[in-house]
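# Structural overview
Here are the chains, one letter per residue:
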Amino acid sequence: MNDSKPINQKAWWLILPVILCVAFSAVLPLMTVVNYSVPAKGWTSSAVLVVVALSLLIPWNVVGTIWQIYGRADIGLFGAALAKLGIEYSYTGSARDAWLTVLLMDVWHWTPLVALLCYAGLRAIPDAYYQAARIDGASKWAVFRFIQLPKLRGVLMIAVLLRFMDSFMIYTEPFVLTGGGPGNATTFLSQYLTQKAVGQFDLGPAAAFSLIYFLIILLLCFILYNWMQRVGTSQPTEVAS
Amino acid sequence: MNTGRFQKRTLFLIAYLLFAVLPIYWMVNMSFKTNDEIVSSFSFWPQHFTWANYKTIFTDPAWYSGYINSLIYVAINSVISIAVALPAAYAFSRYRFLGDKHVFFWLLTNRMTPPAVFLLPFFQLYTTLGLMDTHLAVALAHLVFNVPLAVWILEGFMSGVPREIDETAYIDGHTFPRFFLTIFLPLIKAGVGVAAFFCFMFSWVELLLARTLTSVNAKPIVATMTRTVSAAGMDWAVLAAAGVLTIVPGAIVIWFVRHYIARGFAMGRV
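Residues numbered from 1 in each chain as written. Chains lettered and ligands numbered in written order. Predicted model: local features only at pLDDT ≥ 70, side-chain atom pairs only at ≥ 80, totals over all residues.

### Quick notes on the overall build of chain A
Applicable threshold: Every helix listed is a DSSP run of H or I at least four residues long, and every strand listed is a run of E at least two residues long, numbered separately from the N terminus. Residues with at least 20 other C-beta atoms within 10 Å of their own are called buried, those with 12 or fewer are called exposed, and the rest are partly exposed. The C-beta atoms themselves are positioned from the backbone. By the criterion used throughout, residues are in contact when their C-beta atoms, derived from the backbone, lie within 7 Å.
On a plain count of helices and strands, chain A comes out with ten helices and zero strands. Reading the helices (α) and strands (β) of chain A from amino to carboxyl end gives α-α-α-α-α-α-α-α-α-α. For chain A, the proportion of its 241 residues judged to be buried stands at 40%. For chain A, contacts bridging at least 24 residues in sequence account for 67% of all contacts bridging at least 6.

This is the structure we're talking about:
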C-alpha cells in the first residue's frame, strides 16, 4: 500500500461511512414504523425488544467471524441463499460484494441501536399528546410531524451522531471479515491508519493522518449537531436560550 | 385499526426480525456442530448434534473466568457511568451557563476518538498507579466513552420532562435531593434503563482497551475469544459457542430494563 493510489480509491474510505449514515437515516423512519407495530405491552413487546437487541451484544470480533461463515456460498445461509437465487456472490472474490457485505453487516449490527433509542423515545411521549391530537382530528402524518418528531429530536440526534462517529471508526468487523480485501476494497480509514502506524511504522504520517481523521469527524459532527439544534429551536414551543 | 393495515405492519415486523435473527441463528447452529461439519457441509441444523463446545467453555477456567471478569468490570463501569452522568445531564438539561452547548458537544469528542488513541496514556498511567490487570482499570478506562454517551442519552430524556414539574415541586416545598430522587428520577426511568443498557453493552463488546489493560487476573471474554483465532487453524465451533454465551448476560440485562424502556411516562404524578 502506498500513497500513489488513484484518488477515487481513497474516496471510497470517505464515502462508505457517509453512505452508511444515509442508509441509517433511511432506516430511521422505517424503524419508527417498526416501533409502531411493536405492541406497547405484554410479552410480545418484551420478546421483540430482546430479540432486536441481540445483535448489539455480540462482541465485534465475533460479528465478523459469524458473517465470515454466514456469507459463504458453500456453508453459510446468506451466501447459499443468494446462490440458490442465482446471484453470483463472493465476498472474498469481488470488491463490490465484499463492500456490500460490510455494509449489510453494519446495518444488521447497528440498526437495533437506533431502534431501541427510538422505541424508548416514543414510549416517553405522554398519552395526553395523542389524545389532544385525536380531539383535533390530526392525521397520522401530522401526529408524526408535530408530536413524535419534535419529541424524538434529542434521541434521534444521539442516534445519528453515534452512528456517524462509529461508522467512521469502523475497524474490527471488516478487519475480521475481509482483512481489508480483496485488494483495498474494504480497507477503511481506521484500518489504513493502523496499517500505516503499526504495520509500516510510518509514525509521523500516521500521526498526521489520525489528526486529520479526527478533525474530519469533529467538523462533520459539529455541523450536524448545530444543524439539528437549529431545527429544534425553530419549533415555536422551544424558546431559544 | 383495520385488519389489512395490521397485517402489513406485522409482516414488516416479522421480516425485520428474520433479518435480525438469522445470523444469530447461524451462530447457534454452528455452536452445536463439530468443526469438521461447519467447514465441510451446509445444513440448516446440526447433523451430529454435540454439546462438546459448551463443555469446553464451562470446564476450562481460561474460558469461564473470562465471563466473570467481564461481568465484574462491566458492572462497575455501568454503575459509575450512571452515577456520574445523572447530575451532569440534569445540569445540561435545566441550567444555562456560559458555553453550555459547547461543553455538551465537546463531551462527545471523547466518544469520537478511536479507543486506540487512549491506549498509550492509559497504559502508562495505570502502570504508574499499579492498576494494571485489575477490573477497576478496565472499568475506569471504559468511562471515557460511556460517560459522554450516558450524559447524552439522559439529557435527551430529561429535556422531555416539562420544566413545570420542577417548579411545581419547589412550590410544594420539596428540597432538591428529595425532588430529584422521588419525583424526577421515576419520570426518567426509561432513560436510566436505556443508558444503563448502552453502558453495559459498549463496555461488554469493547476489545482493544480491555485486552491491552489486562493480562491474567482480569482477562475479559472478548480477549479470550481472540485466542482461538490464533490457535491451530480456526476453532469455529468453540468460538460460536462462546459467542452465544456472550449474548446471554446482555439479554438478561435488557430483560430487566425492558419495562423501563417500554413503560410510558407517568404524567399527573405531581
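Now that the structure has been shown, we can carry on.
### Points about the overall build of chain B
The helix and strand tally for chain B stands at 13 helices and zero strands. Mapped from its N terminus to its C terminus, chain B presents α and β elements in the order α-α-α-α-α-α-α-α-α-α-α-α-α. Classification of the 270 residues of chain B by burial places 41% in the buried group. Sequence separation of 24 or more characterises 82% of the internal contacts of chain B that already satisfy a separation of 6 or more.

### Concerning the interface of chain A and chain B
Where interface size is quoted, it is often the accessible area lost as the parts come together. Basically, it comes down to this: Asp, Glu, Lys and Arg are counted as charged, while Ala, Val, Leu, Ile, Met, Phe, Trp, Tyr, Cys and Pro are counted as nonpolar; the rest, among them Gly, fall into the polar class.
With 59 residues of chain A in contact, the opposing surface of chain B contributes 59 residues. Listed by contribution, the elements that provide at least two residues to the side of chain A that touches chain B are α1 (7-37), α2 (42-53), α3 (60-70), α4 (77-84), α5 (95-123), α6 (127-135), α7 (140-169) and α10 (203-233) of chain A. Of the residues forming the side of chain A that touches chain B, the biggest block, eight residues, is contributed by α3(A). Here the residues of the side of chain A that touches chain B are counted per class, giving 44 nonpolar, eleven polar and four charged.

### Comments concerning the environment of Ala47(A)
With respect to the element layout, Ala47(A) can be found in helix α2. Placed 95 residues apart in sequence, Ala47(A) and Ala142(A) show a C-alpha to C-alpha distance of 30 Å.

### A few points about unusual backbone geometry
Unusually for a residue other than glycine, Asp133(B) sits at a positive phi of about 60°. Structurally, the position occupied by Asp133(B) is in the loop between α6 (115-129) and α7 (135-159).

### Let's talk about the packing of helix α4 (residues 61-94) of chain B against helix α10 (residues 189-205) of chain B
Residue and element names in this part refer to chain B. We count it as follows: Angles run from 0 to 180 degrees between N-to-C directions of axes, and those axes are lines fitted to C-alpha atoms, restricted for helices to the stretch in contact. Oblique is the label for every angle not falling under 35 degrees (roughly parallel), over 145 degrees (roughly antiparallel), or within 65 to 115 degrees (roughly perpendicular). Take the far helix as the reference: if the near one is turned anticlockwise from it by less than a right angle, the crossing is left-handed, and if turned clockwise, right-handed.
The interhelical angle for the contact between α4 and α10, taken along N-to-C directions, is 140°, at an axis separation of 9 Å. The angle between α4 and α10 places the two elements in the oblique class. As for the relative orientation of α4 and α10, their crossing is right-handed in sense. For the pair formed by α4 and α10, the contact residues are Ser70, Val74, Asn77, Ser78, Ser81, Ile82 and Ala85 on the first element and Val192, Ala195, Ala196, Cys199, Phe200, Ser203 and Trp204 on the second. Of the residues that constitute the contact of α4 with α10, the class distribution is nine nonpolar, five polar and no charged.

### A few points about the environment of Lys140(A)
Residue and element names in this part refer to chain A. Mapped onto the elements, Lys140 comes out in helix α7. C-beta crowding within 10 Å serves as the criterion here: with 9 such atoms nearby, Lys140 is assigned to the exposed category. In sequence terms Lys140 and Ala208 are 68 residues apart; their C-alpha atoms lie 51 Å from each other.

### Things to note about the confidence of the model for chain B
If pLDDT is low for a region, its predicted coordinates should not be looked at in detail. Residue and element names in this part refer to chain B. To keep it simple, the criterion reads: For every residue, the predictor states its confidence as a pLDDT score lying anywhere from 0 to 100.
On average, chain B scores 81 in pLDDT, and the residues at 70 or more come to 89%. Confidence scores differ between elements of chain B, with helix α12 (residues 221-230) showing the lowest mean pLDDT of 70 and α4 the highest of 90. For the stretch residues 264-270, pLDDT sits under 50, and the model shows 14 contacts to residues farther than four places along the chain or on other chains.

### Describing the nonpolar core
Note the following rule: Here, a nonpolar core denotes buried Ala, Val, Leu, Ile, Met, Phe, Trp, Tyr and Cys residues that are linked to one another through C-beta atoms within 7 Å.
With 127 residues, the main nonpolar core has Leu117(A), Ile153(B), Leu154(B) and Ala195(B) as its most contacted residues. The leading source of residues in this core is α7(B), at 15 residues. Beyond its immediate chain neighbours, meaning those up to four positions away, Ala195(B) contacts Ile82(B), Ala85(B), Ala150(B), Ile153(B) and Leu154(B).

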